[in-house]
Amino acid sequence: VLSAGTYSYRYTYYDPVTGLESMPSPVADVHVTADGYRIYVEDITDLGMGYYKRVYRAYTTDTSADARGADWYLLTELPPGTEAGTQEDLTSGWVEQDKEGRLTVTADAATYVDLELDDTVYLAKDMGKGGITDFEVRAAVTFTKNNSDAHAAVLGVADTLGRESQWGYGIALEAECRAGLALLWANVYIDGERGAGAGLSWYARDGWTYYFRLRRVADTVSLYMHKTSDYSDPPATVSFTTSDGDTPCRYYYAGCSAGVTGTSKLSFVVKDVVLDAATAFYDNVPAYGLSERWSFDRATPPDGNILTWHKDRMFMAGCRRGSTSYPEYDVAYYANCLFCSALDAPDYWPGDNMFVVGDDTPIVGLVSRGDYLLIFKPNGVWALTGYASTDFRLSQLTGAAGAVDAAAYAASPHGVLWQAPDGYYLWDGDRITCILRTDGTVPWTLPPEGNRLPRVAYL
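If you're wondering where the values come from, they're calculated on a predicted model, not measured in any experiment.

Trainee: Help me understand the overall build of the protein chain, please; the structure alone is not making it clear to me.
Mentor: Of the regular secondary structure elements, the protein chain holds zero helices and 33 strands. Here the protein chain, with 459 residues, has 49% of them falling under the buried criterion. Residue pairs in contact within the protein chain that sit at least 24 positions apart in sequence constitute 61% of those at least 6 positions apart. In the structure as shown, the protein chain presents an accessible area of about 20,800 Å², 50% of it carried by carbon and sulfur atoms.

Right under this line is the structure:
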């Protein structure tokens, strides 16, 4: 449903409790050369800790350019999971669905006792509109009772709340039980019917704990069964392909029984659940379906290696490229440019906050002292004054005694000292004085230029 053009994407982390939002990720551009396509956006890394992921989109009709200079609009908000290697506390944010009292929940564990026919006991988390695309879910499972004819989805991801027969699309680790044993399957359900599946060569025994990874990547579904809690041992593995099913919602299950007959029963414990650390979704949202416009510029910082804090802002120089949030970030020349963040916001780098300092000679150093930010180049020294962006003033202090490199300057209560090619100079806030000539008559050997070891320091 998307029109031809270029779509640019970036995402932020958002805390709904405090209302704070991070700086955005680097921009990804997708060029669509004809109408009617949808875009698969992947690798939206989860920060965990309750942070949502807000995905923003910009658009231009030019299929060969990028949309970084266009307006950005909120596309979707993806719920949080956990970082890889952390545990999901099943007592926080999960919904108990147990009308008959057979489900108990403790910290990091869900225990199912004697599941019977069509029990719908599960823990569910509404994943909003992220869609069932690529994911990996991990969990430790202990089977405590296996009787014949018992069957349950031990761990699953589906598009609805309900039994497997109600799933429009779902993927599950399932157990088909024998006396004391469970045969393990990875199955896909489409419109309530089992559409594809494959079984592991291992059996799970009563009283043993196994560590499972249930995974989907594109059209491939995989199930891995480990015996060690760090998932480091060679697993038993089964994989298969399925070509259907990208649904608008996602729910995580830690149990959903079906097909149990008579008095046959099944019990198991699920714990240490780890949700997928990266999210992906399909963008087929037309322009009229977008949310609010991004009304302020949360651009990524430039790529520089000289940083200093001055007058409630972060300043940066030594840049190989500019902010990836803007066009031509990697083709323009930025070595002679000074960038600064927004006031009291070191994670916000508006595109207008940039100064071109003198000629093309690169900046090699920054020093903050009082009301002045000194900017060192090999062929001169500059000073920036002002507090608000509207009253910044850039002026040259000298065009004759620049710093030799990025490790040749330091601030002190007496002024700023730096090493120039012909000697050491001090600026006291009023004038520049050469305090030591280095014309070959000094009785020591100076470190070579380009050496990153500090050659000037105040102690």
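Now, onward.
Trainee: Would you explain the pattern of salt bridges in this entry?
Mentor: Pairing is possible between side chains of opposite charge, provided their charged atoms come close. Summed over the entire model, instances satisfying the criterion amount to seven salt bridges. Salt-bridge contacts for R194 lead to E174; the nearest nitrogen and oxygen are separated by 3.4 Å. Pair noted here: R194 is in strand β14 (residues 193-205) and E174 is in strand β12 (residues 169-178), with a separation of 20 residues, a long-range link. With a closest N to O distance of 2.9 Å, D303 and R320 form a salt bridge. Residue D303 is found in strand β22 (residues 303-310), and its partner R320 is found in strand β23 (residues 313-321); the two are separated by 17 residues along the sequence. By relative accessible area, D303 is classed as partly exposed at 25%. Relative accessible area serves as the criterion here: at 69%, R320 is assigned to the exposed category. Each of E174, E176 and R194 takes part in one network of salt bridges that share partners.

Trainee: Sorry, what's going on with unusual backbone geometry here?
Mentor: Most peptide bonds take the trans form, and the phi angle of most residues other than glycine is negative. Notably, K311 is not glycine yet its phi reads approximately 50°, a positive angle. One can find K311 in the loop between β22 and β23. The exposure class of K311 is partly exposed, given its relative accessible area of 27%. A positive phi angle, near 65°, is found at D312, a position not held by glycine. Within the element layout of this structure, D312 appears in the loop between β22 and β23. Residue classification places D312 among the partly exposed positions, given a relative accessible area of 30%.

Trainee: Explain the environment of G423 to me, please; I cannot follow it from the model alone.
Mentor: Along the polypeptide, G423 turns up in strand β32 (residues 423-427). You can call G423 buried: its relative accessible area is 0%. Along the sequence, G423 and I435 sit twelve residues apart, while their C-alpha atoms lie 7.6 Å from each other. Setting aside chain neighbours within four positions, we find G423 in contact with W418, L436, R437 and T438.

Trainee: I'm lost on the sheet that holds strand β28 (residues 380-385) in this one. Help?
Mentor: In any sheet, the strands associate via hydrogen bonds between backbone groups, in a parallel or an antiparallel arrangement. The strand order across the open sheet built from four strands is β26-β27-β28-β29, with neighbouring strands paired in antiparallel fashion. Either end of the sheet is taken by a strand with one partner, and the two such strands are β26 (365-369) and β29 (393-398). Pairs of neighbouring strands in the sheet enclose a mean axial angle of 25°, with direction left out of account.

Trainee: Looking at this model, I keep getting lost on the sheet that holds strand β30 (residues 409-412). Mind explaining?
Mentor: As summarised here, the arrangement of the four strands in space is β30-β31-β32-β33, forming an open sheet in which the pairing is antiparallel. The strands lining the two open edges of the sheet, one partner per strand, are β30 and β33 (432-437). Taken over all neighbouring pairs, the strand axes of this sheet differ in orientation by 20° on average, direction set aside. Alignment of β30 against strand β31 (residues 415-420), held across four bridges, turns out to be antiparallel. Looking at β31, one finds that A410 is bridged to L417.

Trainee: It is not clear to me how the nonpolar core should be interpreted in this structure. Could you clarify?
Mentor: Side chains of nonpolar character tend, in soluble globular proteins, to be buried together. F143, V154, L184, F212, L223, M225 and V270 are the most contacted members of the largest nonpolar core, which totals 37 residues. In contact with V154, not counting residues within four places along its chain, are V141, F143, L173, E174, A175, Y253, A254, G255, F268 and V270.

Trainee: Would you take a moment to explain the environment of P346 for this structure?
Mentor: Within the secondary structure, P346 is located in the loop between β24 (337-340) and β25 (354-356). Using a relative accessible area of 40% as the deciding quantity, one classes P346 as partly exposed. Beyond its immediate chain neighbours, meaning those up to four positions away, P346 contacts W309, M314 and S341.

Trainee: Quick question: what am I supposed to make of the confidence of the model for the protein chain here?
Mentor: A low pLDDT means the predicted coordinates there should not be read in detail. Looking at the protein chain, the pLDDT average stands at 77 and 71% of residues meet or exceed 70. Here residues 82-87 is modelled with pLDDT under 50, and outside its nearest four sequence neighbours on either side it reaches 19 contacts, counting other chains as well.

Trainee: Would you explain the side chain of T142 in this entry?
Mentor: Its place among the elements puts T142 in strand β10 (residues 135-146). A distance of 2.5 Å separates polar atoms of two side chains, one belonging to T142 and the other to T209. Each residue touching T142, except ones within four places of it in the same chain, is listed here: G207, W208, T209, F268 and V269.

Trainee: Would you mind going over the packing of aromatic side chains with me for this structure?
Mentor: Remark: the centre distance and the inter-plane angle together describe each pair of aromatic rings, the angle taken between the planes. Overall, the coordinates contain twelve aromatic pairs when judged by the stated rule. Aromatic side chains W167 and Y189 sit 5.6 Å apart centroid to centroid with 80° between the ring planes, which places their arrangement in the edge-to-face category. Of this pair, W167 sits in the loop between β11 (151-158) and β12 while Y189 sits in strand β13 (residues 181-190), placing them 22 residues apart in sequence. When its relative accessible area of 0% is taken as the criterion, W167 is described as buried. Relative to W418, the ring of F376 lies with its centre 5.2 Å away and its plane at 55°, an arrangement referred to as tilted.

Trainee: What am I meant to see in the pairing of β23 here?
Mentor: Where β22 meets β23, seven bridges bridge the pair, whose relative direction is antiparallel. Bridge pairing in β23 links T308 to F315. Taking the residues between adjacent antiparallel strands as the criterion, β22 and β23 are bridged by two residues, where K311 takes a positive phi near 50°. Note: β23 against β24, two bridges, orientation antiparallel. Note on β24: the bridge partner recorded for M316 is F339.

Trainee: Would you explain the pairing of β26 in this entry?
Mentor: Regular strands place their side chains on alternate faces of the sheet. Sheet topology places β26 next to strand β27 (residues 372-377); five bridges connect them, and they run antiparallel. Each bridged residue has a counterpart across the sheet, and for R369 the counterpart in β27 is Y372. Linkage of β26 to β27, two consecutive antiparallel strands, is achieved through a turn of two residues, within which G370 is found at a positive phi near 60°.

What counts, and where the lines are drawn
Residues numbered from 1 in each chain as written. Predicted model: local features only at pLDDT ≥ 70, side-chain atom pairs only at ≥ 80, totals over all residues. Heavy atoms only, no water. Helix = DSSP H or I, 4+ residues; strand = E, 2+ residues; numbered from the N terminus. Buried < 20%, exposed > 50% of the residue type's maximum accessible area, 1.4 Å probe, protein only. Contact = heavy atoms within 4.5 Å. Areas by Shrake-Rupley, 256 points an atom, 1.4 Å probe, with all protein chains shown as cover. Salt bridge = Lys/Arg side-chain N within 4 Å of Asp/Glu carboxyl O. Pairing = 2+ DSSP bridges. Axes fitted to C-alpha atoms, helices over the stretch in contact; angles between N-to-C directions. Core = buried A, V, L, I, M, F, W, Y, C linked by side-chain atoms within 4.5 Å. pLDDT = per-residue confidence, 0-100. Polar contact = N/O pair within 3.5 Å; in protein donor to acceptor, adjacent residues only side chain to side chain. Phe/Tyr/Trp six-rings, centres within 6.5 Å; stacked < 30°, edge-to-face > 60°.

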